[in-house]
Amino acid sequence: MLKDRISKLKGYGPKKEKSLNRLGVVTIEDLIEYYPRGYENRDNPLDMDNFDSDKKYYIQARVEKILDNGPYSNNFKLRVKWNNRIINVMFFNNKKYYVNKFSIGDEYFFYGKFSREYNQMIHPEFVKCDDKKAADFFGILPLYPLTEGISNNDVIKGVKQALDNIVPESLPKGTIERNRLLDRKEALKNIHFPKSPQQFKAAKYRIIFEEFLRLHMGLMLINKSSDVKEATEFQYIQEIDKYIDMLPFQLTDSQMKVKEEIFSDMCSLKSMNRLLQGDVGSGKTIVAFLSMILSVLNGYQAVMMVPTEVLAVQHYESFMELFGKSFEVALLTSSSKKKKQIYEEIKRGEIKIVIGTHALIQDDLEFHNLGYVVTDEQHRFGVKQRKNLVEKGRAPDILIMSATPIPRTLSLVLYSDVDISTIDTLPKGRKKIVTSYVNNKNLENMYKLIYDQIRFGRQCYFVYPLIEDSELVDMKSLEQGYKELKESILKEFNIEMLHGKMKNDEKTEVMGRFSRKETDILVSTTVIEVGVNVPNATVMVIENTDRFGLAQLHQLRGRVGRSEFQSYCFLLSESSSKISKERIKTMVNTNDGFVIAQKDLELRGPGDIVGLRQHGVPDMKMGDLFKHREILLKAKEEAEYVMENNEVGDLSGVVDKFYQEFSI
Ligand code: ADP
Ligand code: MG
């Protein structure tokens, strides 16, 4: 039975079971889905005129002589005849074991590397030619990821037994026929023990196809709006212009363009599901605010969910500053006081606009008539969290915002039914942030520049990485840095610390003092990474740069350069690792978020696509969104077909499993 534990298999005692559990293999089904990391092809005979000393080959040879290196050596050597040549076969260690395995005159297959220098094959695997197992010795051998206590052979033996079970089909018949896929058992067999390159290819195709199909189906089910079909109805209301006129600046052309796109989508008959992209500092927030106001003018409540408390407070305050007199607005986070009262006012519909954190998806929060949902920095939320919020309305229009440009392939998958609006220019007068690499040698110059900047009335951030979530180490380097500043030429300025260990109220106060310019320097952990907006700050110092990924560095740098003042970003690093240098070089050379996202992808490798997990996508074992683009598209067509023709029934189990995994 596939659901049985692997200890049911012959030869799998408690020790091996434990080792395999460590690799995530618990049931027999896990084992058949434990795919090889590669293969060894034993079909290549040794050719003296053309071989690679790093590769393995096989020979068929007769034992001529058994050599003994004497009592002090534990090695074991044979002299064999192969193709009329005499060569040596050398085994290391464990002489006792080998002595009894060979007899003079018998023929064996040996498989290993060959050294021309010593005229010998080195520690090969072998089988006697007339042995029953000789056939298994050839062909393509799977190589599995291993751990202590489990050998490749153990896995092979287990998988072979596991494949003797009945393996039920997991895809609908129609899907298999339409796409000419191998059936599941055949595919699994060929993934582990390929019979031919063609069969192997077909097997791999089938398995990747299934992974992608689940992905598409899961996404489609999640994105499918609830039973209510009719969209929330909005109308373009002229009064909105009044609020645009209230802004202390003119919207950029780019902002105007996306605002129009969003408004006309809101006012159309279909539900809006739109992604608003724009580099850090491009001014997404204000566009979102205006669209929220349009919703309220239409009589609907609007909500904005953001990933951190600091950001929620900031958005709330800037909304209040701009439009606070005109609307009832609430801030809702886990540390909000008078929550009960706020809940009631939201439920009665008195509060029209709510800005908050994850606290918004609490079960007991109900809206009167939620018509519009915005999520800022959407990559910080799981798909399911977003859905939970959306379900608090009947069929609200949805706007998600992101500064992390999503690679095309990925957006195709994740946002297939999402329209995209892009703000592609920064507000006028913004200067390129001057970015430099700093080590001990030019540290002093950096301090001088900061000194001058603050003297001119500007402000500065020092950011320290969180070290593997260990608050302790984090505190130590942060406090150390703070102390050093207090002793540097910057000591005459107001310096404050901000970190994750502080209470939310404290954080808000520290942030508040920094925004009001009561502090000059903020020494902080990455709490400030997303969204924080203090336009007067012009210097960003990033300590231990190598601890940050590129996307994160770009986000951090984006905290400055938010005004017409020239801004600076200093990357401190003592690391000489190649990847660290590469990152710094990229940062120094470009301010363009899209270029940086591409580079990030290259440096991380597609295995870790801008944190696929971050986007809420469960791991795939074989499918790679970048390498297997064609299969991805085919699977998408199939998923659409299945959904339209209501064949989901057959797949519901598959999708359920996927759905559970999807809710990070
Ligand atoms: P992001 O797109 O990174 O979320 P914000 O919305 O926080 O950026 O905007 C960055 C800063 O630019 C804010 O201080 C905002 O008030 C300001 N801003 C937005 N639009 C304009 C504009 N058209 N002209 C001048 N400043 C603007
Ligand atoms: Mg923002």
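Rules and cut-offs
Residues numbered from 1 in each chain as written. Chains lettered and ligands numbered in written order. Predicted model: local features only at pLDDT ≥ 70, side-chain atom pairs only at ≥ 80, totals over all residues. Heavy atoms only, no water. Helix = DSSP H or I, 4+ residues; strand = E, 2+ residues; numbered from the N terminus. Contact = heavy atoms within 4.5 Å. Pairing = 2+ DSSP bridges. Axes fitted to C-alpha atoms, helices over the stretch in contact; angles between N-to-C directions. Phe/Tyr/Trp six-rings, centres within 6.5 Å; stacked < 30°, edge-to-face > 60°. Buried < 20%, exposed > 50% of the residue type's maximum accessible area, 1.4 Å probe, protein only. Lys NZ or Arg CZ within 6 Å of the ring centre and 35° of its normal. Core = buried A, V, L, I, M, F, W, Y, C linked by side-chain atoms within 4.5 Å. Near = heavy atom within 4 Å. Polar contact = N/O pair within 3.5 Å; in protein donor to acceptor, adjacent residues only side chain to side chain. 1 Å grid on protein atoms, 1.4 Å probe; cavity = no way out; pocket = protein on both sides within 12 Å on 5 of 7 lines; lining within 4 Å. Sits in = over half its atoms within 2 Å of the grid points. Nonpolar A, V, L, I, M, F, W, Y, C, P; charged D, E, K, R; others polar. Domains from an automatic or database assignment. pLDDT = per-residue confidence, 0-100. Expected span 1.5 Å × (residues − 1). Points joined across faces, edges and corners; volume = space filled by probe spheres on them. Salt bridge = Lys/Arg side-chain N within 4 Å of Asp/Glu carboxyl O.

## Quick word on the overall build of the protein
For step 1, the next point in the chain: Per the secondary structure count, the protein includes 23 helices and 20 strands.
For step 2, the next point in the chain: In the protein, 72% of the contacts between residues at least 6 apart in sequence involve partners at least 24 apart.

## Structural notes on the sheet that holds strand E4 (residues 85–91)
For step 1, the next point in the chain: Ordered in space as E2-E3-E4-E6-E5, the five strands form a closed barrel in which the pairing is mixed. Sheet twist, expressed as the mean angle between neighbouring strand axes with direction ignored, is 55°.
For step 2, the next point in the chain: Examined bridge by bridge, strand E5 (residues 107–115) and strand E6 (residues 120–128) share seven bridges and lie antiparallel to one another. Opposite Phe114, over in E6, you have Met121 as the bridge partner.

## A word on the packing of aromatic side chains
One pair of aromatic rings is described through two measures. These are the centre distance and the angle between the planes.
For step 1, the next point in the chain: Following the criterion strictly, the structure yields 28 aromatic pairs and no others.
For step 2, the next point in the chain: Taken together, a centroid distance of 4.3 Å and an interplanar angle of 20° make the contact between Phe91 and Tyr98 stacked. In terms of burial, Phe91 and Tyr98 fall into one category: buried.
For step 3, the next point in the chain: Above the ring of Phe193, the side-chain terminus of Lys160 is found at 5.1 Å from the ring centroid.
For step 4, the next point in the chain: For the cation-ring pair, Arg458 lies above Phe565, with the distance from its terminal atom to the ring centre recorded as 3.5 Å.

## Considerations on the nonpolar core
For step 1, the next point in the chain: Core analysis: the biggest nonpolar cluster contains 47 residues, and Leu31 and Phe212 have the highest contact counts within it.
For step 2, the next point in the chain: When contributions to this core are tallied by element, the ones reaching two or more residues are helix H2 (28–32), strand E7 (140–143), helix H5 (152–162), helix H7 (184–192), helix H8 (197–223) and helix H22 (629–644).
For step 3, the next point in the chain: Among the elements that line this core, the one with the most residues is H8, at ten residues.
For step 4, the next point in the chain: Filtering out sequence-adjacent residues up to four positions away, Phe212 remains in contact with Met620, Gly623, Asp624, Leu625, His628, Ile631, Leu632 and Ala635.
For step 5, the next point in the chain: Among the nonpolar cores identified, the runner-up in size contains 38 residues, and Leu251, Phe263, Leu276 and Ile286 belong to it.

## Examining the site of ligand 1
For step 1, the next point in the chain: Inspection of the region around ligand 1 gives 17 residues, with Gln250, Gly281, Thr285, Arg430 and Asn533 positioned closest.
For step 2, the next point in the chain: Within the backbone of Gln250, a nitrogen or oxygen atom sits 2.8 Å from a nitrogen atom of ligand 1.
For step 3, the next point in the chain: Interatomic distance of 3.0 Å between a side-chain N/O atom of Arg562 and an oxygen atom of ligand 1.
For step 4, the next point in the chain: One can see that ligand 1 is located within the largest pocket.
For step 5, the next point in the chain: Per-class residue counts for the shell around ligand 1 are five nonpolar, eight polar and four charged.
For step 6, the next point in the chain: Two domains each put at least three residues into the shell around ligand 1: domain 3 (240–268 + 283–402) and domain 4 (434–590).

## Things to note about the confidence of the model for the protein
For step 1, the next point in the chain: In the predicted model, the protein carries a mean pLDDT of 86, and 88% of its residues have values of at least 70.
For step 2, the next point in the chain: Here residues 606–616 is a poorly scored stretch, pLDDT under 50, and it has 30 contacts once near neighbours within four places are set aside; other chains count.
For step 3, the next point in the chain: Note that pLDDT drops below 50 for residues 659–664; the model gives that stretch 16 contacts with residues more than four away or on any other chain.

## Details of the pairing of strand E2 (residues 56–67)
For step 1, the next point in the chain: Across seven bridges, E2 lies against E5 in antiparallel orientation. Its bridge partner being in E5, Lys56 is matched across the sheet by Lys113.
For step 2, the next point in the chain: In the sheet, E2 pairs with strand E3 (residues 76–82) via five bridges, with the strands oriented antiparallel. Bridge pairing in E3 links Ile66 to Leu78.

## Quick notes on the environment of Glu345
For step 1, the next point in the chain: The topology assignment puts Glu345 in helix H13 (residues 339–347).
For step 2, the next point in the chain: Separated by 15 residues in sequence, Glu345 and Ala330 place their C-alpha atoms 9.4 Å apart.

## Details of helix H18 (residues 504–515)
For step 1, the next point in the chain: Taking 1.5 Å per residue, twelve residues should reach 16 Å; H18 reaches 16 Å between its end C-alpha atoms and fits that length.
For step 2, the next point in the chain: Looking only at H18, the buried set comprises Lys507, Val510, Met511, Gly512 and Phe514.
For step 3, the next point in the chain: Count one or two residues on from H18 and you reach Lys517, which has phi positive near 70°.

## A short note on the layout of surface pockets
For step 1, the next point in the chain: The space that makes up the largest pocket amounts to roughly 1,400 Å³.
For step 2, the next point in the chain: Lining the largest pocket are 46 residues, with Phe249, Arg430, Asn533, Pro535 and Arg562 sitting closest to its centre.
For step 3, the next point in the chain: Of all the elements in the fold, those that place two or more residues in the lining of the largest pocket are helix H10 (253–266), helix H11 (284–297), helix H12 (309–323) and H18.
For step 4, the next point in the chain: By residue number, the principal contributor to the lining of the largest pocket is H12, which donates eight residues.
For step 5, the next point in the chain: Taken together, the residues that form the lining of the largest pocket break down as 15 nonpolar, 19 polar and twelve charged.
For step 6, the next point in the chain: Lining the lining of the largest pocket are residues from two domains, each supplying at least three of them: domain 3 (240–268 + 283–402) and domain 4 (434–590).
For step 7, the next point in the chain: In this structure, the second largest pocket occupies an estimated 1,100 Å³ of space.
For step 8, the next point in the chain: Lining of the second largest pocket is provided by 31 residues; of these, Arg42, Glu125, Lys133, Phe137 and Asn153 occupy positions nearest its centre.
For step 9, the next point in the chain: Contributions of two or more residues to the lining of the second largest pocket are made by helix H3 (95–99), E6, helix H4 (134–137), E7 and H5.

## Some points on unusual backbone geometry
Excluding glycine, residues mostly carry a negative phi; peptide bonds, for their part, are mostly trans.
For step 1, the next point in the chain: Phi is positive for Asn83, close to 50°, though the residue is something other than glycine.
For step 2, the next point in the chain: One non-glycine residue, Asn84, lies in the positive phi region at around 65°.
For step 3, the next point in the chain: Considering the arrangement of structural elements, one finds Asn84 in the loop between E3 and E4.

## With respect to the pattern of salt bridges
For step 1, the next point in the chain: Evaluation of the coordinates by the stated rule reveals 31 salt bridges.
For step 2, the next point in the chain: Of the charged contacts, one joins Glu40 and Lys56 as a salt bridge, the two residues approaching to 3.9 Å between their closest N and O atoms. Taken together, the residues span a long stretch of sequence, with Glu40 in strand E1 (residues 38–41) and Lys56 in strand E2 at a distance of 16 residues.
For step 3, the next point in the chain: Relative accessible area serves as the criterion here: at 13%, Glu40 is assigned to the buried category.
For step 4, the next point in the chain: For Lys56, a relative accessible area of 32% gives the class partly exposed.
For step 5, the next point in the chain: Glu210 serves as the salt-bridge partner of Arg206, at 2.5 Å between the closest nitrogen and oxygen. Taken as a pair, Arg206 and Glu210 lie in helix H8 at a separation of four residues, close to a single helical turn.

## Digging into the side chain of Glu210
For step 1, the next point in the chain: Its relative accessible area of 7% is what places Glu210 among the buried residues.
For step 2, the next point in the chain: Among the polar contacts listed, one links the side chain of Glu210 to the side chain of Ser170, at a separation of 2.8 Å.
For step 3, the next point in the chain: One polar contact links Glu210 to Arg206, side chain to side chain, over a distance of 2.5 Å.
For step 4, the next point in the chain: If we skip the residues at most four places from it in the chain, Glu210 touches Ser170 and Leu171.

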